[in-house]
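Here is how the chains run, residue by residue.
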Amino acid sequence: MQPARATTPTMPTAPAVAPAVAPAVAPALAVVQVQTANGGAVNVSAHDLLSAVQGMLGLGLPVAPVVVLAKPGASVSVMDAATAWVKWKVTRNRWKAGTIERTGHDVRVFAQLDQHRPIDAVDEAYVRRYINSLSHLRLYGRKTRFHAVAEFLAWCVRRKYLAVSPVAAIDSEDLPWVGKKAKADMGRGKLQLASEDEARAYLRAANRWLFPTDRVAAMLPLLTGLCTGEVLHLRVRDIDFAGKRIWIRGENVDESTRPGGPWNPKTESRWRSVGIPRLLSADLAELCRQREPAALLFPSLRRRGKPWEDRWLLRIVQRTCAAAQIPAVCTHGLRGTYSTLLRNLAHLSSPDIAVLLGHSDTGATAEAHYIGSSEHQPALDHLLRS
C-alpha cells in the first residue's frame, strides 16, 4: 500500500514518532501506523496523536507533515485488546498468577467469538451472544465469567478503544444469575456426587489410574475434604505417617504476602490436620519415598519448584468421573460430597464437620453450602437409608 500523506495539521520534525494524524484520516478509536523521523514505523492510538497535536496547536508550536502508513480506520481487534488487557493485569501485579491465567482465559473465550472483529464494533448483541454461549455452565460460573468480561470492556472504555461499554445496555433483569431464585440456586453450593453408589464408583475408577500421583490427587478431595489449593500445596513433610495425619499448613505465617509469594491457607482455621485415608496409605508412601521434606507432593512438570495449576486437578477429577460413568463434578463438589457423607454415614454434627472442613464458624457455612444441599439431599437420604 502506498503511503498516504495526511493533510494538515503538521508536526515538528524532531520527535522520534510523529504524534498526530488528521481527523479526516482516522477516527479517534483507530490505531494507525505512522512513519517516524528516522524512517521507521510504529503503531499508535489516533486518539493520543490527535490529543497531542491539538495541544501543540493550542500552544502555537510549529508542526510538519506526518505520513500515515496504515489503512485509515484500522482498529484494534477484540483479541488484541483482550491480550493487551491481560498483559496490563500482569504488570499491575494485583492478582495471583492463577487468577490472571483463569480470568485471562475467560476473556479470550469472549474474544474468540469473533476474534478479528474491531473492538469498537463489539456491541450489545455480541455480549448477549457470549452470555448465551455460557448456558452449559452453572449460574455462578456464568456470573464470574460475565463480570470478567465486564471489567475488560470497562478497561477498553478507559483506554478509549470503546466509547461506551455495551454491558451498560443490558438490563440486569435479563441476566440469568440475578433474582431471588437464582441467588438461592447459587447458594446451594457446587454440584455433588448424587449418592453413595456414585461415590464408590468414583473411588473405584480413581483407584484404576496407572500412576500413584493421579490416584492420590483424584481421591484426596473426596476422602479428606481438602480444597484445590490445599491439595496442590501439600509437601512431603505434611504427611505424618507415624501420627497417621495429613497437616494443612502454610509456607509462611505472614498473612500479608504479596501475589506470587508463599502460599498460606485461606484462613487461620484452615491450619488443621485430617486423617490419612487407608485407601491412600501405600500411594502416599510411594510419593514420599526418597524425597526431601520440603518437596511438593504434586510438583509441576512445566513450572520448576511450583505446584500444578488448579485446572490440572480439575482435569483429573473430571476424567475420573467420565471413567466412572457418572455426571462430572468439580474438585469443590467432591469436598461437598465429603461433608454430606460425614453427616449421613458418620452422623457427625455441623460443628464437627465445620472443624474438618476448616471453617471458622460453628457449621453455618457447612449447612448452607456443603452438607447435602437441597439440590442433592433427597437422593442421598433415600439411597443411604436403603
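Fair warning: this is a prediction, and the values are worked out from it, not measured in the lab.

(A) Quick look at the sheet that holds strand 7 (residues 272–275). Read across the sheet, three strands follow the order 5-6-7 without closing on themselves; strand pairing throughout is antiparallel. Of all strands in the sheet, those with a lone pairing partner are strand 5 (239–240) and strand 7, marking the two edges. As paired elements, strand 6 (residues 245–248) and strand 7 share four bridges and run antiparallel to each other. Note on strand 7: the bridge partner recorded for W247 is S273.

(B) Representation of the packing of helix 7 (residues 196–207) against helix 8 (residues 212–224) in the model. Where helix 7 meets helix 8, the closest approach of the two axes is 8 Å, and the angle between their N-to-C directions is 160°. The pairing of helix 7 with helix 8 is recorded here as roughly antiparallel in orientation. Relative to helix 8, helix 7 is oriented so that their crossing is left-handed. Of helix 8, the residues touching helix 7 (which contributes A199, Y202, L203, A206 and N207) are R215, A218, M219, L222 and L223.

(C) Inspection of unusual backbone geometry at higher detail. For K160, which is not glycine, the phi torsion reads 65° and is therefore positive. Within the fold, K160 resides in the loop between helix 5 (139–158) and helix 6 (180–186). The class of K160 is partly exposed, set by a relative accessible area of 38%. In this model, Q325 sits at a positive phi of 60°, which is unusual for a non-glycine residue. Here Q325 lies in the loop between helix 11 (310–324) and helix 12 (331–344). For Q325, a relative accessible area of 73% translates into the label exposed.

Parameters at a glance
- Residues numbered from 1 in each chain as written.
- Predicted model: local features only at pLDDT ≥ 70, side-chain atom pairs only at ≥ 80, totals over all residues.
- Heavy atoms only, no water.
- Pairing = 2+ DSSP bridges.
- Helix = DSSP H or I, 4+ residues; strand = E, 2+ residues; numbered from the N terminus.
- Axes fitted to C-alpha atoms, helices over the stretch in contact; angles between N-to-C directions.
- Parallel < 35°, antiparallel > 145°, perpendicular 65-115°, else oblique.
- Left-handed = near helix turned anticlockwise from the far one by under 90°.
- Contact = heavy atoms within 4.5 Å.
- Buried < 20%, exposed > 50% of the residue type's maximum accessible area, 1.4 Å probe, protein only.

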